[in-house]
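Results of the structural survey
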Amino acid sequence: MIKKVLIANRGEIALRIIRACKEMGISTVAVYSTVDKESLHVKFADEAICIGPAPSRESYLRIPSIISAAMITNADAIHPGYGFMAENDKFVEICNDHGITFIGPSADAIRKMGNKSVAKETMRNAGVPVVPGSLGVVKDYEEAKTVCDEIGYPVMLKAVAGGGGKGMRLVESPKDLAAAFSVASNEAEAFFSNPDLYIEKLVIGSRHIEIQVIGDKHGNVIHLNERECSIQRRHQKLIEEAPSPVVSKALRKQMGEVSVMGAKSVNYYGPGTIEYLVDAEMNFYFMEMNTRIQVEHPVTEESLGIDLITEQILVASGEKLRLKQSEPKFHSIECRINAEDPEHNFRPSPGRIDVFHVPGGRGIRTDSHAYQGYTIPSNYDSLVAKLIATAPTRKEAIAKMYRALDEFIIEGIKTTIPFHKKMMMNKDFISGNIDTKYLDKVDWNSL
Ligand code: MV4
C-alpha cells in the first residue's frame, strides 16, 4: 500500500488530492514554485518542497526537480493531477526507474493515446465508432486529395500530436486543400515537433460527451457514465454536467460498453476519459482519450456518490476495483470560476482576492485553493474554484447552482460568476439545447 504521495501539481487539484490522501491515512508532499508559496496546497500538505521559479518549465514541468523532491522525502508514489506531468509517458518511465509508483496509467497506454492517429486506429480496432477519414497518417497532398475526394468535404486536418482542439484545420473545398495541408503540417511541426496529419470528415452540430472509465491492474475496467461538456469557449470547458440531458439509458449503455472495450484494448488502468463527438442524430464518434483524472471529475463523483481520487490511489497501489458500474443517482453540474472577465472577451484577470465568500448549503461543493488575501498568479491557468451543485433532478441542480453563484462573493479580481448566472437562466441551457458552437463561432484555425 502507498504510504506517502508527492503531488506534482498545484492549485485546486493539488489540494483535492491532499484531501483524499489525508482521509486515507497517506502522508503528503507538496511541491511548489516560488509564486505558489502561499497557496493552500502548500499549507495543507504534511511537507512542502520548493522546486523552482514561477515559469512551469522551470518548476512543475522540470522532471529532475520533481523526482529529486520525491527521493529526498521518501515518497513512494507521485500523483500528477491534470496537466503538467499527467500525460507524459517519459515521466512515467522515469518514476518506474526510481521505484516510484506513478498514480495513473502505464507509459504504454499514455503513448498510444497521445498519438491521435494511433489512438483512433486502436479504438477502431476495438469496436469504437470513429469519424470516417484517413487510415492513419496522410503523408502528402496527393494522398490527402485521394482521401478527401473519397470521404467528401468539408474535412478536418488534424495533427497526430495535437489534441484538445490544438492543431486542427477545417478545409471546406478541394481548392483549399493544398494550401491548408502545407500550412497545417508546418504548424504541427512548429508546435509539436511532428508534422504528421490525419484527416476526418467534419461532424457538424456536435456535442462533446465523454465517458469516464476506470480500470485496475488486474484487467478489470468499468465505465462511470457520461459527462456533458458542450459549454466550451475556445476549447476551454466552462460548464460540465453528469448525466447529459440528452443521453438515454440505452445510449449510455452503448457508449459505456464500447468505451470499456477501447480502454481494455490498451490494458488501461486508473481513471481515464473517452471523448466523443455526438451529432444531432445521436451518432457518436471517438475523438480522443484523456489518460488522466480530469478537471470535471467531481460531477461524476457527485452523481454517483463516489471518490474518484481515492479509487485512483487504490488501483495504483494494486488493489482490485471495488466500484460497481451503476446509473447516475443524482444530477450534478460544475461551473468553472475563472479569474477572467467575461465582459471583456474572458481576458485574464489575475491578482489579489480581497473578498472571498464561498457558498454552502446542501448539495453544494466548492473545490478551491483560493482564500481571502490570496493572489492568483498570472503564470498558470485561471481556475479559481470549481462550484459543483448536486440535486435529484437537473432542474433542481440548476436552481441550486444559481442560488450558490449568487452567494459566491469574490472581490479584487473579475471572475466568470456573472457568465454562469446568465447561463443558469438561459432558456437554451435550461432545455439542454446546446452544442459546442453555442458560445463561440468556432475559430477552427486557432491553435
Ligand atoms: C472535430 C469536430 C468536428 N468534426 N472533428 C475539438 C477538440 C478536439 N478534441 C476535436 N475537436 C473537434 N473535432 C471532426 N471530425 C469538432 C471539434 C470541435 C469541438 C469538439 C468538442 C468540443 C468543442 C469543440 C469545438 C470546436 C471543434
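Preceding this paragraph is the structure being described.
Residues numbered from 1 in each chain as written. Predicted model: local features only at pLDDT ≥ 70, side-chain atom pairs only at ≥ 80, totals over all residues. Heavy atoms only, no water.

1. Topic: the packing of aromatic side chains
Rules: Stacked, tilted and edge-to-face are the three classes assigned to paired rings of Phe, Tyr and Trp, where Trp is represented by its six-membered ring and a pair needs centres within 6.5 Å; plane angles under 30 degrees give stacked, over 60 edge-to-face, the rest tilted. Each helix is a run of H or I in the DSSP string that is no shorter than four residues. Each strand is a run of E no shorter than two, and both are numbered from the N terminus. Burial here depends on accessible area, computed with a 1.4 Å probe over protein chains only, as a share of the maximum for the residue type. Under 20% is buried, over 50% is exposed, and the range in between is partly exposed.
Counting across every chain of the model gives eight aromatic pairs. Relative to F84, the ring of Y60 lies with its centre 5.1 Å away and its plane at 25°, an arrangement referred to as stacked. Pair noted here: Y60 is in the loop between β3 (47–52) and α3 (63–72) and F84 is in the loop between β4 (77–79) and α4 (89–97), with a separation of 24 residues, a long-range link. Looking at F84, the relative accessible area reads 26%, which means it is partly exposed. Between F346 and F419, the aromatic rings sit 5.5 Å apart at their centres with planes inclined by 75°, giving edge-to-face as the arrangement. You can see F346 sitting in the loop between β15 (340–341) and β16 (347–348) and its partner F419 sitting in helix α13 (residues 417–425), a full 73 residues away along the chain. Overall, the relative accessible area of 13% leaves F346 in the buried class.

2. Some thoughts on the pattern of salt bridges
The following threshold applies: For this document, the term salt bridge refers to a Lys or Arg side-chain nitrogen within 4 Å of an Asp or Glu carboxyl oxygen.
Summed over the entire model, instances satisfying the criterion amount to 36 salt bridges. For D307, the salt bridge goes to R16, with nearest N and O atoms at 2.8 Å. Remark: R16 occurs in helix α1 (residues 11–24) and D307 occurs in the loop between α10 (297–304) and α11 (308–316); sequence separation between them is 291 residues. Residue classification places R16 among the buried positions, given a relative accessible area of 7%. Ionic pairing is found between K253 and E257, a salt bridge with its closest N-O pair at 3.1 Å. Remark: E257 and K253 occur in helix α9 (residues 249–265); sequence separation between them is four residues, near one turn of the helix. The class of K253 is exposed, set by a relative accessible area of 51%. Residues joined in a network through salt bridges with shared partners are E210, R227, K237, E240, E275, E296 and R336.

3. A word on the sheet that holds strand β2 (residues 27–33)
Cut-off, in case you're wondering: In this analysis, strands are considered paired if DSSP registers two or more bridges between them. Contacts are assigned to residue pairs that have any heavy atoms within 4.5 Å of one another. Axis definition: a line fitted to C-alpha atoms, limited for helices to the stretch in contact. Angles are taken between N-to-C directions and run from 0 to 180 degrees.
An order of β3-β2-β1-β4-β5 is seen for the five strands of this open sheet, with the pairing classed as parallel. Two strands bound the open sheet, and with one partner strand each, they are β3 and β5 (101–102). In the packing of α1 onto the sheet, contacts are made with β1 (4–7), β2 and β4, and the angle to β1 comes to roughly 175°.

4. Comments concerning the pairing of strand β11 (residues 236–242)
Judged by how many residues are buried, β11 sits mostly within the fold: six of seven residues are covered. Bridge count between strand β10 (residues 221–233) and β11: four bridges; the pairing is antiparallel. Along β11, the bridge assignment pairs R233 with Q236. Turn length for the β10-β11 hairpin, with the two strands adjacent in sequence and antiparallel, is two residues, and the turn residue R234 shows positive phi of about 50°. Inspection of the sheet shows β11 paired to strand β14 (residues 331–338) by four bridges, in the antiparallel sense. Paired with E240 across the strands is E334, a residue of β14.

5. Here we look at the environment of P53
Mapping P53 onto the fold places it in the loop between β3 and α3. Accessibility expressed as a relative area gives 32% for P53, which makes it partly exposed. For P53 and T393, which are 340 residues apart along the polypeptide, the C-alpha to C-alpha distance reads 46 Å. Here P53 is in contact with S33, T34, E58 and S59, once residues within four sequence places are set aside.

6. Things to note about the site of the ligand
What counts is decided by this rule: The cutoff for a nearby residue is simple: one of its non-hydrogen atoms must lie within 4 Å of the molecule or strand. Throughout this description, a polar contact denotes any pair of N or O atoms lying within 3.5 Å of each other; where both atoms belong to protein, one of them has to be capable of donating a hydrogen while the other can accept it, and for residues adjacent in sequence the pair is counted only when both atoms sit in side chains. Residue polarity follows a fixed list, in which Ala, Val, Leu, Ile, Met, Phe, Trp, Tyr, Cys and Pro are nonpolar, Asp, Glu, Lys and Arg are charged, and the others, Gly among them, are polar. The domain boundaries here were taken from an automatic or database domain assignment.
In the vicinity of the ligand lie 20 residues, with K158, E200, K201, V203 and E288 positioned nearest. Within the side chain of K158, a nitrogen or oxygen atom sits 2.9 Å from a nitrogen atom of the ligand. Interatomic distance of 2.9 Å between a backbone N/O atom of V203 and a nitrogen atom of the ligand. When the residues that make up the shell around the ligand are grouped by side-chain class, the tally is nine nonpolar, six polar and five charged. For the shell around the ligand, the domains that each give at least three residues are domain 2 (132–201) and domain 3 (207–446).

7. Thoughts on the nonpolar core
Generally speaking, nonpolar side chains in soluble globular proteins are found buried as a group. The following threshold applies: Grouping buried Ala, Val, Leu, Ile, Met, Phe, Trp, Tyr and Cys residues that are joined through side-chain atoms within 4.5 Å yields what is termed a nonpolar core.
Membership of the largest hydrophobic core comes to 33 residues, with the highest contact counts inside it found for I239, I337, I353, V384, I410 and M424. Judged by nonpolar contacts, the second largest core, of 29 residues, contains V5, C21, I103 and I222.

8. Comments concerning the packing of α3 against α4
Using the following cut-off: Here the word oblique covers every angle except those under 35 degrees (roughly parallel), over 145 (roughly antiparallel) and from 65 to 115 (roughly perpendicular). Note: crossing handedness is left-handed where the near helix turns anticlockwise from the far helix by less than a right angle, and right-handed where it turns clockwise.
It is at 11 Å that the axes of α3 and α4 come closest, and there the two elements cross at 30°. Considering the angle they form, α3 stands roughly parallel to α4. Relative to α4, the crossing made by α3 is right-handed. Contacts between α3 and α4 involve I63, I66 and I67 from the first element and F91, I94 and C95 from the second.

9. A short note on the environment of M85
As for its placement among the helices and strands, M85 is situated in the loop between β4 and α4. For the pair M85 and I63, spaced 22 residues apart in sequence, the C-alpha to C-alpha distance is 8.4 Å. Apart from residues lying up to four places away in sequence, M85 is in contact with Y60, L61, R62, I63, I66, P80, F91 and F102.

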